[in-house]
Amino acid sequence: MELYNYSISQIAKKIKDKEITIKEVLDSVYSRIDEVEKKIDGYITLTKESAYKRAEILQEKLDNGEDIGVLGGVPIAIKDNICTNGVKTTCASRMLEDFVPFYDATVIEKLENAGAIIVGKTNMDEFAMGSTTETSYYGPTRNPHNTAHVPGGSSGGSCAAVAASECYYALGSDTGGSIRQPSSFCGVVGLKPTYGTVSRYGLIAYGSSLDQIGPVAKDVSDCAAILETIASHDPKDSTSMDRDDCDFTEALVDDVKGLRIGIPRDYMGEGLDPEVNDAVMKAAKVLEEKGAIVEAFDLRLVKYAIPAYYTIADAEASSNLERFDGVKYGYRTKDYDGLHNMYKKTRSEGFGPEVKRRIMLGSFVLSSGYYDAYYLKALRTKALIKKEFDRAFRNYDIILGPAAPTTAPELGKSLSDPMKMYLGDIYTISVNLAGLPGMSVPVGKDSKGLPIGMQLIGNVFEEKTLIRAAYTYECATKKMHETPASVGLMSEKEVR
């Protein structure tokens, strides 16, 4: 087996046992990137020089008998909206095309303290606004399982890179499903933690009350190990939670006896692809056979989640993106006549169509005369949705359903109808509105060979319950990561 195909725990053990060097691991990953990146376009920036320098430092420490951390020498990819000191952080936008932060996000500091090596920054929907990674200024990322299809979004680059073994694991951000949906489309494991579990310091904001950084990995064990590394209280983030239960690898137990699992009838009805329905229900059956109690129930208010989410997210986006005006940093138009003309031309040229659409919608719902009618009503709806989940968790430990209504759509089929793209978030956005943890786990493929993901939703701070259920399913089915053969076989003609 090629080195790039191993899991984090496997490759970390080989490094620490000195069966292989860190440079050999890095060579394997960059060789894989050279092989498939032209077909995938998962990265915006590669950090080859700094990665090899860090590999030398870590190898020297290891050779001297020093501890290099739980992730010591294992390469990671970072979504390009997470700040990295001295490395371009573009948010896949022309607006930040040449922006180089002078500090690291808290999660980057934690990963480097654990010995991780950053191999590059991954492609994404511009400013995390989109569900396909097609709104990127740098062009779309392609799904490694079939490069004629999207990888999902907005963390599509991170998920595609993990799926294609262009890295061992990655970080993404999740505002309304942006880790879970592309993980489902790419056949990897993605986890959105409880809001406040992972510091947002250094994450370029889209919707501040909804954003959360989380891990993408090849299997459940790797996901738990990454989350354990990056979760902690951070005084630099006012929304950060002080938790004493962040030993997530302890939840890697093959046992769900007595676990109460609820499947919302609202999730399994009209609009859900029959193949996705079948795969998710089969996965639920596996957990039931392992001793879980599985029941169907009604989760009300689901139909109100999408309008509430897009009202709140766009309102926050319009406020957060106000800073990009051509004055402080980022892109500035070359030809302008006066200050106001400079603002107008800079933002018109710097932002893409989807970002402009959301800024305008957000500005509208926050405007005088519409604030009460739209924004305040959306906040009330958000509170009611949280109450509905509270009611559900009085009866169930986990809510199980699909991560997306279909498998990955073809490239170019979603952007022409933004409303259809928004409706594709139906199963994921409620989790962000309620601040809950959610996890996507691969459960099979459709007739086209495209992955299907099951979503597990837990109550606040119940990531361990999700990890236990996901790990049990993984052990029962042996559904571990496989590098998609299509990456190596798809011809350039087919890619175009």
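See the structure above.
The notes below deal with the structure included here. (Residues numbered from 1 in each chain as written. Predicted model: local features only at pLDDT ≥ 70, side-chain atom pairs only at ≥ 80, totals over all residues. Heavy atoms only, no water.)

By the bridge criterion, five bridges tie strand E7 (residues 260–264) to strand E8 (residues 293–297) in an arrangement that is parallel. By the bridge assignment for E8, Ile263 is matched with Ala296. For the crossover from E7 across helix H8 (residues 274–289) to E8, the handedness is right-handed. (Pairing = 2+ DSSP bridges. Helix = DSSP H or I, 4+ residues; strand = E, 2+ residues; numbered from the N terminus. Right-handed = clockwise from strand over helix to strand, strands pointing away.)

What follows is about unusual backbone geometry. Trans is the common state for peptide bonds, and a negative phi is the common state for residues other than glycine. Going from Gly153 to Ser154, the amide bond is cis rather than trans, its omega being 10 degrees. Inspection of the secondary structure assignment puts Ser154 in the loop between strand E3 (117–122) and helix H5 (156–163). For Leu301, which is not glycine, the phi torsion reads 75 degrees and is therefore positive. On the secondary structure map, Leu301 appears in the loop between E8 and helix H9 (305–320). The phi dihedral of Phe461 is positive, around 65 degrees, even though this residue is not glycine.

Right, let's talk about a negative patch on the surface for a bit. Together, Glu56, Glu60, Asp63, Glu66 and Asp67 line one region of the surface with negative charge. Residue position: Glu60 is located in helix H3 (residues 48–63). Assessed through its relative accessible area of 52%, Glu60 is described here as exposed. (Patch = residues over 30% accessible without salt bridge, like charges linked within 9 Å, V, L, I, M, F, W, Y side chains within 5 Å. Areas by Shrake-Rupley, 256 points an atom, 1.4 Å probe, with all protein chains shown as cover. Salt bridge = Lys/Arg side-chain N within 4 Å of Asp/Glu carboxyl O. Lys, Arg positive; Asp, Glu negative; His and termini not counted. Charge placed at Lys NZ, Arg CZ, Asp CG, Glu CD. Buried < 20%, exposed > 50% of the residue type's maximum accessible area, 1.4 Å probe, protein only.)

If you walk through the whole model with that rule in mind, you get zero disulfides. The thiol sulfur of Cys91 is not disulfide-bonded, and the nearest other cysteine sulfur, from Cys83, lies at 7.7 Å. In this structure Cys91 comes out as buried when scored by relative accessible area, which is 1%. Looking at Cys167, it has no disulfide partner, and the nearest cysteine sulfur is the one in Cys159, 9.6 Å off. Residue classification places Cys167 among the buried positions, given a relative accessible area of 0%. (Disulfide = S-S within 2.5 Å.)

This paragraph deals with the packing of H9 against helix H12 (residues 371–393). Their axes nearest at 9 Å, the elements H9 and H12 cross at an angle of 125 degrees. With respect to H12, the axis of H9 lies oblique. Here the hand of the crossing between H9 and H12 comes out left-handed. Residue-level inspection shows Ala305, Ala308, Thr311, Ile312 and Ala315 of H9 in contact with H12, the latter providing Tyr374, Tyr375, Ala378, Leu379, Thr381, Lys382 and Ile385. Among the residues forming the contact of H9 with H12, the class breakdown is nine nonpolar, two polar and one charged. (Axes fitted to C-alpha atoms, helices over the stretch in contact; angles between N-to-C directions. Parallel < 35°, antiparallel > 145°, perpendicular 65-115°, else oblique. Left-handed = near helix turned anticlockwise from the far one by under 90°. Contact = heavy atoms within 4.5 Å. Nonpolar A, V, L, I, M, F, W, Y, C, P; charged D, E, K, R; others polar.)

With that settled, consider the pairing of E7. E7 sits mainly inside the fold: four of its five residues count as buried. In this structure, E7 lies alongside strand E9 (residues 398–402), joined through two bridges in parallel fashion. Paired with Gly262 across the strands is Ile399, a residue of E9.

On to empty space enclosed by the protein. This model, assessed by the stated rule, comprises two cavities of 30 Å³ or more. The volume enclosed by the largest cavity comes to roughly 90 Å³. Along the wall of the largest cavity there are 13 residues; nearest its centre are Gly130, Ser131, Ser178, Tyr309 and Asp425. Taken together, the residues of the lining of the largest cavity break down into four nonpolar, seven polar and two charged. Each pocket or cavity is described by its volume, and for the second largest cavity that value is around 40 Å³. Lining the second largest cavity we find Leu299, Arg300, Leu301, Val302, Ile385, Glu388, Phe389 and Ser430. At three residues, the largest contribution of residues to the lining of the second largest cavity is made by H12. Classifying every residue of the lining of the second largest cavity by side-chain character gives five nonpolar, one polar and two charged. (1 Å grid on protein atoms, 1.4 Å probe; cavity = no way out; pocket = protein on both sides within 12 Å on 5 of 7 lines; lining within 4 Å. Points joined across faces, edges and corners; volume = space filled by probe spheres on them.)

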